[in-house]
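Listed below are the residues making up each chain.
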Amino acid sequence: MEYVRIESIQDPLFAKMHALMGTIFPPEEVLEFSLWEEPLKDQGLRVYVAVHEGEVVGATEYRYYPDMRVAMTDFTIIGREGLGIGPFLVKHRAADLAAWVARTSGPMLGMFAEIYNPYAVEDLGFGGVKPMNPYVRREVLAHLGYRRLDMDYVHPSWQGDGEAVGGLNLGFLSADESMEAVPGALIGRFLRTYYEILNPKPAAWLEMVEAVERRDAVPLLPL
């Protein structure tokens, strides 16, 4: 299996990845094909695919913000069972992030991730791929060390319609396992930066961000 970076929508592997995303995620979670052109040029973003026998069988997108010393896993896709795609992606992503952080001025504090909450929304089929089942994904992320931030969470729809998308938790994988909370100011700054390109912003999202910025710290709780 190969770990291949995608840097252009002209790359044939990108079309395969985008098609895979469409079978896995709900429409409001998938950015329209042509709108990927500029983000893929951003050197602060990584989009990699797992290629097996010429086909895209998995993908991961992540980014690192050296000024905040935090990373974000945008998504991880497993497109086929029985190939070890999940461990393959995690191993290569971790190695790339470690090298990325080593080129900056400070150690990474941790990594954010939006984590589906199947206890709140149970009708997510994820293309029928069993490893993508939200209960499975949540437990795997818990095993990796992710915890959920003690806050109600919504995000702006990636369809750019100004709607708020719920049914998720904002998770955080801390580099220091003894870390018990994340500063509210850091969470707010991260969210404003991460969703800067999406407009209009839902009122519920703006209220959420303003509320978390007023908190000194947000506890980390088990998934």
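Residues numbered from 1 in each chain as written. Predicted model: local features only at pLDDT ≥ 70, side-chain atom pairs only at ≥ 80, totals over all residues. Heavy atoms only, no water.

Quick look at the nonpolar core
Okay, step 1: Counting residues in each nonpolar core, the largest one holds 72 residues, and the members touching the most others are Met17, Trp36, Leu149 and Ile187.
Okay, step 2: Setting aside residues up to four positions removed in sequence, Ile187 forms contacts with Phe112, Leu149, Met151, Leu170, Val182, Val212 and Val218. (Core = buried A, V, L, I, M, F, W, Y, C linked by side-chain atoms within 4.5 Å. Buried < 20%, exposed > 50% of the residue type's maximum accessible area, 1.4 Å probe, protein only. Contact = heavy atoms within 4.5 Å.)

Side note on the packing of helix H4 (residues 184–194) against helix H5 (residues 203–213)
Okay, step 1: Close contact between H4 and H5 brings their axes to 7 Å; oriented N to C, the two are set at 150 degrees. On the basis of the axis angle, H4 is roughly antiparallel to H5. Residue-level inspection shows Gly184, Ala185, Ile187, Gly188, Arg189, Leu191 and Arg192 of H4 in contact with H5, the latter providing Trp205, Met208, Val209, Glu210, Val212 and Glu213.
Okay, step 2: Class assignment of the residues belonging to the contact of H4 with H5 gives a composition of seven nonpolar, two polar and four charged. (Axes fitted to C-alpha atoms, helices over the stretch in contact; angles between N-to-C directions. Helix = DSSP H or I, 4+ residues; strand = E, 2+ residues; numbered from the N terminus. Parallel < 35°, antiparallel > 145°, perpendicular 65-115°, else oblique. Nonpolar A, V, L, I, M, F, W, Y, C, P; charged D, E, K, R; others polar.)

Some remarks on the environment of Val140
Okay, step 1: For Val140, the position within the fold is in helix H3 (residues 134–144).
Okay, step 2: Taking C-alpha positions, Val140 is 9.6 Å from Gly86, a pair spaced 54 residues apart along the chain.

Side note on the pattern of salt bridges
Okay, step 1: According to the stated counting rule, one finds eight salt bridges in the structure shown.
Okay, step 2: Between Lys41 and Glu38 there is a salt bridge whose closest N-O contact spans 3.4 Å.
Okay, step 3: Taking relative accessible area as the criterion, Lys41 reaches 48% and is therefore assigned partly exposed.
Okay, step 4: The closest approach of N and O atoms between Glu213 and Arg192, which form a salt bridge, is 2.7 Å. Residue Glu213 is found in helix H5, and its partner Arg192 is found in helix H4; the two are separated by 21 residues along the sequence.
Okay, step 5: Assessed through its relative accessible area of 31%, Glu213 is described here as partly exposed. (Salt bridge = Lys/Arg side-chain N within 4 Å of Asp/Glu carboxyl O.)

Quick word on the layout of surface pockets
Okay, step 1: If you add up the space inside the largest pocket, you get close to 960 Å³.
Okay, step 2: What lines the largest pocket is a set of 44 residues, and nearest its centre among them are Glu61, Thr73, Asp74, Phe75 and Thr76.
Okay, step 3: Where the lining of the largest pocket is concerned, the elements lending two or more residues are strand E3 (55–65), strand E4 (70–78), helix H2 (85–102), strand E5 (110–116), H3 and H4.
Okay, step 4: Here the second largest pocket defines a volume of roughly 180 Å³.
Okay, step 5: As for the second largest pocket, its lining consists of Val90, Arg93, Ala94, Leu97, Ala98, Met108, Met111, Leu144, Tyr146 and Leu173.
Okay, step 6: Among the elements that take part in the lining of the second largest pocket, H2 stands out by supplying five residues, more than any other.
Okay, step 7: Each residue belonging to the lining of the second largest pocket can be placed in one class, and the counts come to nine nonpolar, no polar and one charged. (1 Å grid on protein atoms, 1.4 Å probe; cavity = no way out; pocket = protein on both sides within 12 Å on 5 of 7 lines; lining within 4 Å. Points joined across faces, edges and corners; volume = space filled by probe spheres on them.)

Examining the sheet that holds strand E2 (residues 45–52)
Okay, step 1: Spatial ordering of the open sheet is given by E1-E2-E3-E4-E5-E9-E6-E11-E10, a layout of nine strands whose pairing is mixed. Two strands close off the open sheet at either side, each with one partner strand: strand E1 (2–5) and strand E10 (181–183). When the angles between neighbouring strand axes are averaged without regard to direction, this sheet yields 30 degrees.
Okay, step 2: Inspection of the sheet shows E4 paired to E5 by four bridges, in the parallel sense. Across the sheet, Met72 pairs through a bridge with Phe112, a residue of E5.
Okay, step 3: Each of E1, E2, E3 and E4 is contacted by helix H1 (residues 12–24), which is oriented at about 90 degrees to E3, the strand it contacts most. (Pairing = 2+ DSSP bridges.)

Re the pairing of E5
Okay, step 1: Counting buried residues along E5, seven of its seven residues qualify, which places the element largely inside the surrounding structure.
Okay, step 2: Of the two faces of E5, the one holding Gly110, Phe112, Glu114 and Tyr116 and the one holding Met111, Ala113 and Ile115 are both buried throughout.
Okay, step 3: Note on the crossover from E4 through H2 to E5: the handedness is right-handed.
Okay, step 4: Here E5 runs beside strand E9 (residues 168–174); their pairing, made up of seven bridges, is antiparallel. Residue Met111 lies in a different strand from E9, and its bridge partner there is Leu173. (Right-handed = clockwise from strand over helix to strand, strands pointing away.)

Focus on H5
Okay, step 1: For H5, the complete set of buried residues consists of Trp205, Met208, Val209 and Val212. Projected down its long axis, H5 shows its buried positions confined to an angular sector of 95 degrees, all on one face.
Okay, step 2: On its buried face, H5 sits against strand E7 (155–156), H4 and strand E11 (217–221). (Arc of directions from axis to C-beta.)

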